[in-house]
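# Understanding the architecture of this molecule
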Amino acid sequence: MHLFFVDQYISLDMMAPIMSRLAKKKKVFLCNFNKVQNLKENQIYKFIINQKNIHEVELVGNKFSKNFFLFYFITRFLFFFSSISNKGYRYWKYIWTNYNFISKKDIINHIKKNNIKTISIDESLVEKKRYFLIAICKELKIPLIMNHGGLYTLKAKLKKNKKFEECTYYMSPNKIPIYTYKLDKNYLKSGKFKQFGSPRFDTEWLTILKKIYKTDVSKNKKKIKVAIFLRPTSLSHSDNLKLLENLKKIDNIEVKTNLKPRDVWPTKYSNLNKNDMESSELIIWSDIVISYSTSIILDVICRNKPLIYLNYLQIDKKDDTSWFDNFKFIKKGRNLKYTTQLIKNFEKSNKKYVVSKKEKNSILKKFITEPTGKKILDKYCFFYNKISKIDFKNV
């Protein structure tokens, strides 16, 4: 028996493949830690909870009941007056960061009643919530598994973070976190760091996603279907908007967008609700994808789709560099004018925008460990089954 806590779409997106595979033989419980965003209308969420062995659990604490009317009032007030929406975001971020709205007593009772063997989170879970679950795991002597969130695509050097050592295991997609966080040799030898690849990009799960979305992929001879991924918080967002304007002026294309990254607005007002389609759904629909440096690029390459990587955009810092820059075979946008021209020329030379099988294997090995993308879920399933048999009370 395994209990998974999702907090934002990214945690659902990354852990859903594991839940789905484990549920073939084991009971799996799913709890949404985020009471600001409701994921129940998300297509992946619907797919997951409709599986026979996956059970959705509501573990709402007393705090939520006591603060419900204040919570509801401020929700309506903030969005009635659009002029204070920026301040409103700070409120929602504070609520999301500082309030669990989940009862510790109910979690412990649920774990004992259902003989839960592991608790799983993703690494982007905020500190207070993570410590909340760490304390429960220590009290009950069960392992806390921290699955990776999104893939690290920027060559950033981040501060050493205790979260890796505080959790029982960290499931890494590749070696990049070792460099990013300067993980020391003692930690790597401890057995806490597990590099099995990224279940999100396992070929089995990619096939399942195609069935979930049931997207119309029929070729429209009159229009080229272009998917563009935008990041409103990036330094280069104005350049992205200019590109979008340029594309809409081209007669023979149809453009759909997806806003990233995650946010903490309530569901109705979040990016999740503004997007034309969900990320994978949009990629499946498209004839060609345009994206900045994000794990979306891996999804595109896995699906053998034409790609233009906007290497000229700056994300968080002016000196940002991406791991994707190392791969010369990826078609790069270079600048606004050049990217626009690439789209105009796409119909005549679309094969040049798709990476070859050999190139695909090299980039998958870098980001998800397995060059073919196969049997990643086998490794995760074997690991979960193995540790569920260990008595951590005696470890």
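The present account deals with the structure reproduced in this document. Because the structure is predicted, anything quoted here is derived from the model rather than measured.

What counts and how
- Residues numbered from 1 in each chain as written.
- Predicted model: local features only at pLDDT ≥ 70, side-chain atom pairs only at ≥ 80, totals over all residues.
- Heavy atoms only, no water.
- Helix = DSSP H or I, 4+ residues; strand = E, 2+ residues; numbered from the N terminus.
- Expected span 1.5 Å × (residues − 1).
- Buried < 20%, exposed > 50% of the residue type's maximum accessible area, 1.4 Å probe, protein only.
- Core = buried A, V, L, I, M, F, W, Y, C linked by side-chain atoms within 4.5 Å.
- Contact = heavy atoms within 4.5 Å.
- Axes fitted to C-alpha atoms, helices over the stretch in contact; angles between N-to-C directions.
- Parallel < 35°, antiparallel > 145°, perpendicular 65-115°, else oblique.
- Left-handed = near helix turned anticlockwise from the far one by under 90°.
- Pairing = 2+ DSSP bridges.
- Salt bridge = Lys/Arg side-chain N within 4 Å of Asp/Glu carboxyl O.

Given a rise of 1.5 Å per residue, 14 residues ought to cover 20 Å, and the 20 Å separating the end C-alpha atoms of helix α1 (residues 9-22) matches this to within 8%. Of all 14 residues making up α1, 14 are buried, and the element is well covered by its neighbours.

The next subject is the nonpolar core. Counting residues in hydrophobic clusters, the biggest one holds 118 residues, and the most contacted among them are Phe5, Met19, Leu133, Leu247 and Phe367. Discounting chain neighbours no more than four positions away, the residues touching phenylalanine 5 are Met15, Cys31, Phe33, Ile102, Ile107, Ile119, Ser120, Ile121 and Leu133. Ranked by size, the runner-up nonpolar core spans six residues in total, among them Val36, Trp92, Phe101 and Trp265.

Axis separation between helix α6 (residues 104-113) and helix α7 (residues 127-140) bottoms out at 11 Å; the angle between their running directions is 45°. Between α6 and α7, the crossing angle belongs to the class labelled oblique. α6 and α7 meet at a crossing whose hand is right-handed. Across the interface between the two elements, Lys104, Ile107, Ile108, Ile111 and Lys112 of α6 pack against Phe132, Leu133, Ile136, Glu139 and Leu140 of α7.

This brings us to the sheet that holds strand β9 (residues 253-259). What the four strands build is an open sheet, ordered β9-β8-β10-β11; its pairing is parallel. Every interior strand has two partners, whereas the edge strands, β9 and β11 (307-309), have only one. For this sheet, the mean inter-axis angle between neighbouring strands, taken without regard to orientation, is 20°. Here seven bridges tie strand β8 (residues 224-230) to β9, and the two strands are oriented parallel to one another. Bridge pairing in β9 places isoleucine 228 opposite threonine 257. Docked against the sheet, helix α16 (residues 336-344) engages β8, β9, β10 (288-291) and β11, running at close to 175° with respect to β11.

The backbone of asparagine 115 shows a phi angle near 55°, a positive value even though the residue is not glycine. Assignment of secondary structure puts asparagine 115 in the loop between α6 and β4 (118-122). On the accessibility criterion, asparagine 115 (43% relative accessible area) is partly exposed. The residue lysine 182 is not glycine, and still its phi comes out positive at about 50°. Summarising the element assignment, lysine 182 is placed in the loop between α9 (176-180) and α10 (185-189).

Let us look at the pattern of salt bridges. Summed over all chains, the structure comprises 15 salt bridges. A salt bridge links lysine 40 to glutamate 58; its shortest N-O distance comes to 3.4 Å. Placement of the pair is lysine 40 in the loop between β2 (28-32) and α2 (43-49) and glutamate 58 in the loop between β3 (54-56) and α3 (62-66), with a sequence separation of 18 residues. Under the relative-accessibility criterion, lysine 40 is labelled partly exposed at 34%. On the basis of relative accessibility, which here comes to 48%, the residue glutamate 58 falls in the partly exposed class. The closest approach of N and O atoms between glutamate 41 and lysine 46, which form a salt bridge, is 3.5 Å. Glutamate 41 sits in the exposed class, given a relative accessible area of 62%. The structure contains a network of salt bridges with shared partners spanning Asp13, Arg200, Asp299 and Arg303.

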